[in-house]
Amino acid sequence: MNLIKKPSWHIDEKEVTDERLFNNRRNFLKLGTAALVANTAVLVLMAKERYPTPDFKYLKDPNPENLDLNTWKQITTYNNFYEFSTDKDYVLELVDKFNPDPWKVEVSGLIDKPFTLDLDDIYKFQQEERIYRFRCVEGWSMVVPWIGFPLKTLIKKANPSRKAKYIRFETLYDPKQFPNQASRFPTIEYPYVEGLRLDEAMNNLTLMATGLYGKKMPKQNGAPLRLIVPWKYGFKSIKSIVKIEFTEKEPLNTWQKTTPNEYGFYANVNPKVDHPRWSQKRERVLGRLRKQKTRLFNGYEEEVAHLYKGMDLRKYY
Ligand code: MTE
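Per chain, the residues get numbers from 1 upward, laid out in the order the sequence is written. Per-residue local features are limited, in this predicted model, to residues with pLDDT of at least 70; the limit for side-chain atom pairs, both in listing and counting, is 80 or more; totals at the level of whole chains, interfaces and linings are taken over all residues. Processing note: side-chain calculations cover all non-hydrogen atoms of the structure and skip hydrogens and water entirely.

### Observations regarding the overall build of the protein
Here is step 1 of the chain: In DSSP terms, a helix is any run of H or I states spanning at least four residues, a strand is any run of E spanning at least two, and both are numbered starting from the N terminus. Within the protein, the secondary structure is distributed over ten helices and twelve strands.
Here is step 2 of the chain: When the 317 residues of the protein are sorted by exposure, 52% land in the buried category.
Here is step 3 of the chain: Relative to all contacts within the protein whose residues are 6 or more apart in sequence, the contacts with residues 24 or more apart total 71%. Remark: exposure states derive from per-residue accessible area (1.4 Å probe, protein chains only) relative to the maximum for the residue type, with buried under 20%, exposed over 50%, and partly exposed in between. Residue contacts follow a heavy-atom distance rule, with two residues in contact if any of their heavy atoms lie within 4.5 Å.

Given below as structure tokens:
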């Protein structure tokens, strides 16, 4: 019998703050303006409340696997987000100045007609939960209950032309909000760029993530909208996206540009292809002492191996 146990993070309806308060953005703004007149301190408090906000509507993972979830704390306090810092434990301390609301995402390139999405448009896509393994190229991993919508639903809305073979994503460039972008010697070239082949982007697993653990995406995890490609190393999962462009040519992603002998375009999780400076055979799951074996395509072989049929995975790393 296939028993689905109620996950530990499940929040009972009665424990969740009245959703209407958070979903009705116009009322919220009106309320905010009134508060400004009445009491600025109240407004500051309210602004702080928005990220992360309580539960929003989503469908439960349609195919839950019996995976041990990492805790909220593990997922939200150990982050790779170079725009803030290269120190994973320090990112959270720097996110205060970052304001992911309001937000705009430009969708352009080889499509019917360019368009822009704001936060309301983004949350209008049917949100669902996806519990995925997440493997960083550095050798650590975690299991995250993401919330989001399949990228393919956005692609269908864009209706790309036949010429479109790839999608290119860009993170916000704003040195006022991202201290490492303002640095005289930024660690990497900004804006952060990533890309996928169109058929990879259309795969059912590929997610535009808007939250985790039933809450809107925390800033340090890439608020308000990030990519999640669970069979690829974490660096493909670009955060805080402001541009999505359909292209004919393979985009040059940030890490490939920075260190081409170490990082490629594909970045599929593969225990048989080592990083030039370390082995990829094993991984440390956040919060566990013993390392575990890394699986080909991060365990999603059945869903994605066909995308790379006939390709030499050593050459296309
Ligand atoms: N996106 C941007 N814009 N900047 C980054 O530094 N780091 C990447 C990826 N997306 C990164 C990014 C890397 S290396 C990893 S492992 C994941 O984000 C980390 O996601 P997490 O902080 O939610 O665990």
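That was the structure; now back to the text.
### Quick word on the sheet that holds strand β6 (residues 193-197)
Here is step 1 of the chain: Across the sheet, five strands lie side by side as β2-β1-β10-β5-β6; this open sheet has mixed pairing. Pairing within the sheet leaves two strands with one partner each, and these edge strands are β2 (115-118) and β6. When strand polarity is set aside, the average angle formed by the axes of neighbouring strands in this sheet is 20°.
Here is step 2 of the chain: Taken together, the five bridges between strand β5 (residues 166-171) and β6 define a ladder with antiparallel strand orientation. Opposite phenylalanine 169, over in β6, you have glutamate 194 as the bridge partner.
Here is step 3 of the chain: The sheet contacts of helix α6 (residues 151-158) involve β1 (104-109), β2, β5, β6 and β10 (241-247), and relative to β2 the element is tilted by about 140°. When DSSP locates at least two bridges between a pair of strands, those strands are taken to pair. A fitted line through C-alpha atoms represents every axis, and for helices the fit uses only the stretch in contact; the resulting angles, taken between N-to-C directions, go from 0 to 180 degrees.

### Looking at the site of the ligand
Here is step 1 of the chain: Note on terminology: near, applied to a residue and a molecule or strand, indicates that one of the residue's heavy atoms is within 4 Å of it. Of all residues adjacent to the ligand, which total 18 residues, the nearest are Tyr82, Glu83, Asn221, Arg226 and Lys239.
Here is step 2 of the chain: Think of a polar contact as two N or O atoms within 3.5 Å of one another; within protein, one of them needs to be a possible hydrogen donor and the other a possible acceptor, and neighboring residues in sequence only count if both atoms come from side chains. Asparagine 79 places a side-chain nitrogen or oxygen 2.9 Å from an oxygen atom of the ligand.
Here is step 3 of the chain: Arginine 226 has a polar side-chain atom sitting 2.6 Å from an oxygen atom of the ligand.
Here is step 4 of the chain: Method for areas: the Shrake-Rupley scheme with a 1.4 Å probe, in which residue coverage is limited to the protein chains shown. When the free accessible area of the ligand is taken as 540 Å², the share hidden by the protein chains comes to 98%.
Here is step 5 of the chain: Any residue outside Ala, Val, Leu, Ile, Met, Phe, Trp, Tyr, Cys, Pro, Asp, Glu, Lys and Arg is labelled polar, Gly included; the first ten of those are nonpolar and the last four are charged. Looking at side-chain class alone, the shell around the ligand contains nine nonpolar, six polar and three charged residues.

### Let's talk about the nonpolar core
Here is step 1 of the chain: Within this scheme, the nonpolar core is defined by two criteria: the residues are buried Ala, Val, Leu, Ile, Met, Phe, Trp, Tyr or Cys, and they are joined through side-chain atoms within 4.5 Å. If you look at the biggest cluster of nonpolar residues, it comprises 78 residues, and the most contacted ones within it are Trp146, Leu151, Phe169 and Phe246.
Here is step 2 of the chain: Ranked by residue count, the leading element in this core is strand β4 (residues 140-150), at six residues.

### Points about the confidence of the model for the protein
One rule of thumb: low pLDDT means the predicted coordinates there are not for detailed reading.
Here is step 1 of the chain: Confidence scores per residue from the predictor, reported as pLDDT, run from 0 to 100. Overall, the prediction assigns the protein a mean pLDDT of 87, with 83% of residues at 70 or greater.
Here is step 2 of the chain: For residues 1-50, every residue scores under 50 in pLDDT, and the model assigns this stretch 44 contacts once sequence neighbours within four places are set aside.

### As for the packing of aromatic side chains
Here is step 1 of the chain: For Phe, Tyr and Trp, where Trp contributes only its six-membered ring, two rings pair if their centres lie within 6.5 Å, and the inter-plane angle classes them as stacked under 30 degrees, edge-to-face over 60, or tilted in between. Taken as a whole, this structure holds 20 aromatic pairs when the rule is applied.
Here is step 2 of the chain: Consider the rings of tyrosine 266 and tyrosine 308, whose centres lie 6.0 Å apart with planes at 90°: the pair is edge-to-face. Of the two residues, tyrosine 266 sits in the loop between α9 (254-258) and β11 (282-285) while tyrosine 308 sits in the segment after α10 (301-304), which places them 42 residues apart along the sequence.
Here is step 3 of the chain: What makes tyrosine 308 buried here is its relative accessible area of 4%.
Here is step 4 of the chain: Taken together through their ring pairs, the aromatic side chains of Tyr166, Phe265, Tyr266, Phe297, Tyr308 and Tyr316 make up a single cluster.
Here is step 5 of the chain: Only lysine NZ and arginine CZ atoms are considered, and such an atom sits over a ring when it is within 6 Å of the ring centre and within 35 degrees of the ring normal. One Lys or Arg, lysine 157, reaches over the ring of phenylalanine 115 and ends 5.1 Å from the middle of that ring.
Here is step 6 of the chain: A cation over a ring is seen here: lysine 236 above phenylalanine 265, with NZ or CZ 4.3 Å from the ring centre.

### Here's the deal with the pattern of salt bridges
Here is step 1 of the chain: A pair is scored as a salt bridge if a Lys or Arg side-chain nitrogen falls within 4 Å of a carboxyl oxygen belonging to Asp or Glu. Under the counting rule described, the total for this entry stands at 13 salt bridges.
Here is step 2 of the chain: Between glutamate 262 and arginine 277 there is a salt bridge; the shortest N-O distance is 2.7 Å. Remark: arginine 277 occurs in the loop between α9 and β11 and glutamate 262 occurs in the loop between α9 and β11; sequence separation between them is 15 residues.
Here is step 3 of the chain: In this structure arginine 277 comes out as exposed when scored by relative accessible area, which is 56%.

### Re the side chain of asparagine 70
Here is step 1 of the chain: As for its position among the elements, asparagine 70 is in the loop between α3 (40-49) and α4 (72-77).
Here is step 2 of the chain: The buried category is assigned to asparagine 70, whose relative accessible area is 3%.
Here is step 3 of the chain: At a separation of 2.8 Å, a polar atom in the side chain of asparagine 70 contacts the side chain of glutamine 74.

### Examining the pairing of β1
Here is step 1 of the chain: Relative to β2, β1 runs antiparallel, the two being bridged by four bridges. The residue bridging lysine 104 from the neighbouring strand is aspartate 118, located in β2.
Here is step 2 of the chain: Adjacent in sequence and paired antiparallel, β1 and β2 are bridged by five residues.
Here is step 3 of the chain: Bridge count between β1 and β10: four bridges; the pairing is parallel. Within β10, the residue paired with glutamate 106 across the bridge is lysine 243.

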